[in-house]
Amino acid sequence: MYKLPVYKKIKQRLEEPRRFIQVIMGPRQVGKSTVVKQVLKDILIPYKFYAADDVPDYNSNWIVQCWQTVRLLAEQHQTEYILVIDEIQKIDNWSECVKKLWDEDTFHDRNIKVVLLGSSRILLKKGLSESLAGRFEEIRMAQWSFSEIHECFGISLKEYLFYGGYPGAIPFIKDPERFDDYITTAIVEATINRDILNDVQINKPALLRQTFELASAYSGNILSYTKMIGQLQDAGNTTTLSQYLHLLQEACLVTGLQKYSRDKARSKGSIPKFQVYDNSFKEIYSSLSFEEAVLNPGVWGHVFESAIGAYIVQQAFIHRCEVYYWRDRNLEVDFILKKKENIIALEIKSNNEKSSKGLDEFSKLFNPKRALIIGEGGMSAEDFFSIPITSLFK
């Protein structure tokens, strides 16, 4: 069975002496549970794997019961043990419960290592920041990269650009109806219904879904909130749309990138540039098939730029970078990456018609560490997909 590169990191962390709770987070259906189970089977440490899927959200005592079972087993066998709890964020007050149990084990020198998995970044972040500060490490996973999808399934670069990186959807790329149904039900609806609507009070659920649909269809485009309101039913005000877009970003579905500026206040108030976290979200709202899109230069240019952007925001999520765009009058740079005080400027070119004057002007104004063209006349998409974003900052 194929093993993701993150397998090595998880295995290394679990074989180290007990130091921190390991929290593995990321969007749905990217293989978090699968890779953890692969690691557990390959190491010599005994373990128990529990899933909170069908546990009532009020039953925090369930966590205590799981923990007590592992304590008894560790004591009986006089050995270290690994406790894994999947979808932990579903349980109310989970973080306070985990903190209490973890601290008890630390005080009594119990060698129980803990792994927590979750797909709702919203609730995970809240619990981790409020109760578990200083007690955990994050391992972030995102949609699969081209190298991962290609190595596992053998699909071409163009197929990846169009269909994206959800492993569960790849077997259906020759059956567009099944592909769209999988992405819509297993990813989009599951994320909105279980990870957003169950976690946050949303006054207009239909508007949240419309916001996702519009942002996905316009991935790679700059669109003001005012224009969004004109295209959405019962849209309310710009503040509501901004909040909904933030929730969709936290769920790794779609984001609204802000314009780069040295003044952060100006960036936050700028017009957003929509970007999906996986190009499958853009595909399900396209009227063209893969074959038709490839033969249409204008459409394929949008597919290409959106796919590169998806990889950038995925990598930014994993490696904790900030992503922006830049525009000054008719000059534009597609993506600006920022980590600490270093910035990288990236221009995406699907053909020779697109000018790089914006990249030149941005370089004069802001002196980025690197200014790169991805695509025609620069680094190939395949080469760009093969490197981690962090290497650009070295």
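You'll find the structure just up there.
Described below are features of the structure shown in this document. (Residues numbered from 1 in each chain as written. Predicted model: local features only at pLDDT ≥ 70, side-chain atom pairs only at ≥ 80, totals over all residues. Heavy atoms only, no water.)

What follows concerns the environment of Pro171. Topologically, Pro171 is positioned in the loop between helix H7 (157-163) and helix H8 (176-196). Distance from Pro171 to Phe153, taken between C-alpha atoms, is 8.5 Å for residues 18 residues apart in sequence. (Helix = DSSP H or I, 4+ residues; strand = E, 2+ residues; numbered from the N terminus.)

Any aromatic ring pair is given by two values, namely how distant the centres are and how the planes are angled relative to each other. In total, this model carries 23 aromatic pairs according to the counting rule given. Ring centres of Phe162 and Tyr163 lie 4.9 Å apart, and the angle between their planes is 85°; on these two criteria the pair is classed as edge-to-face. Relative accessible area serves as the criterion here: at 7%, Tyr163 is assigned to the buried category. Between Phe290 and Trp300 the ring centres are 6.3 Å apart and the planes differ by 70°, which places this aromatic pair in the edge-to-face class. Highlighted residues: Phe290 in helix H14 (residues 290-295) and Trp300 in helix H15 (residues 297-319), separated in sequence by 10 residues. The pair formed by Phe290 and Trp300 is uniform in burial state, with each residue classed as buried. Among the aromatic residues, those joined into a cluster by ring pairs are Phe146, Tyr160, Tyr311, Phe384 and Phe385. Above the plane of the ring of Trp102 lies Arg18, whose end atom (NZ or CZ) is 3.5 Å from the centre. (Phe/Tyr/Trp six-rings, centres within 6.5 Å; stacked < 30°, edge-to-face > 60°. Buried < 20%, exposed > 50% of the residue type's maximum accessible area, 1.4 Å probe, protein only. Lys NZ or Arg CZ within 6 Å of the ring centre and 35° of its normal.)

Looking now at helix H4 (residues 94-107). Counted at 1.5 Å a residue, the expected span for H4 with its 14 residues is 20 Å, and the 20 Å between its end C-alpha atoms agrees. Where H4 is concerned, the buried positions are Trp94, Ser95, Cys97, Val98, Leu101, Trp102 and Asp105. Along the axis of H4, the buried residues cluster in a sector spanning 155°; they form a single face. Along H4, the residues that are exposed and aim more than 90 degrees away from the buried face are Lys100 and Phe107. (Expected span 1.5 Å × (residues − 1). Arc of directions from axis to C-beta.)

Let us now look at the pairing of strand E4 (residues 112-118). Counted residue by residue, E4 has 7 buried out of 7 residues, so it is predominantly covered. Taking every second residue as pointing to the same face, both faces of E4 are buried, with Ile112, Val114, Leu116 and Gly118 on one and Lys113, Val115 and Leu117 on the other. In this view, the connection linking strand E3 (residues 81-86) to its parallel neighbour E4 by way of H4 has right-handed handedness. (Right-handed = clockwise from strand over helix to strand, strands pointing away.)

So, about the sheet that holds E3. Backbone-to-backbone hydrogen bonds join strands into a sheet, with any given pair of strands oriented parallel or antiparallel. Taken together, 5 strands build an open sheet; the order of strands is E2-E3-E4-E1-E5 and the sheet is parallel. What marks the edges here is a single partner per strand, and that holds for strand E2 (47-51) and strand E5 (136-140). For this sheet, the mean inter-axis angle between neighbouring strands, taken without regard to orientation, is 20°. Here strand E1 (residues 21-25) runs beside E4; their pairing, made up of 4 bridges, is parallel. Across the sheet, the residue bridging to Gln22 is Val115, located in E4. Against the sheet, helix H3 (residues 61-77) touches E2, E3 and E4, its axis set at about 165° to E3. (Pairing = 2+ DSSP bridges. Axes fitted to C-alpha atoms, helices over the stretch in contact; angles between N-to-C directions. Contact = heavy atoms within 4.5 Å.)

Quick look at unusual backbone geometry now. With phi around 65°, Gln29 is a residue other than glycine that occupies positive phi space. Positive phi is not limited to glycine here, since Asn367 has a value of about 50°. If you trace the backbone, Asn367 turns up in the loop between helix H16 (357-366) and strand E11 (370-375). Looking at Asn367, the relative accessible area reads 65%, which means it is exposed.

Strand order in this open sheet of 6 strands is E7-E6-E8-E9-E10-E11, and the pairing throughout is mixed. Unpaired on one side and paired on the other, strand E7 (273-276) and E11 mark the two borders of the sheet. Between one strand axis and the next, the sheet turns by 35° as a mean value, whatever way the strands run. Relative to strand E9 (residues 331-339), strand E8 (residues 322-328) is paired through 6 bridges, and the arrangement is antiparallel. Among the inter-strand pairings, Val323 is bridged to a residue of E9, identified as Leu337.

Let us look at the pairing of strand E10 (residues 342-349). Where burial is concerned, most of E10 is hidden: 7 out of the 8 residues are buried. By the bridge criterion, 5 bridges tie E9 to E10 in an arrangement that is antiparallel. Bridge pairing in E10 links Leu337 to Ile344. Counted along the chain from E9 to the antiparallel partner E10, the turn is 2 residues long, and its residue Lys340 has a positive phi close to 60°. Here E10 pairs with E11 via 6 bridges, running parallel. Among the inter-strand pairings, Ala345 is bridged to a residue of E11, identified as Ala371.

In the structure shown here, the tally under the stated rule is 19 salt bridges. Where Lys3 meets Asp42, a salt bridge forms, and the shortest distance between an N and an O atom there is 2.7 Å. Of this pair, Lys3 sits in the segment before helix H1 (6-15) while Asp42 sits in helix H2 (residues 32-42); the two residues are 39 residues apart in sequence, bridging distant segments of the chain. For Glu104, the salt bridge goes to Arg71, with nearest N and O atoms at 3.0 Å. Taken as a pair, Glu104 in helix H4 and Arg71 in helix H3 lie far apart in primary sequence, 33 residues in all. For Glu104, a relative accessible area of 25% gives the class partly exposed. Residues joined by salt bridges that share partners form a network here, namely Arg71, Lys100, Glu104, Asp105 and Arg110. (Salt bridge = Lys/Arg side-chain N within 4 Å of Asp/Glu carboxyl O.)

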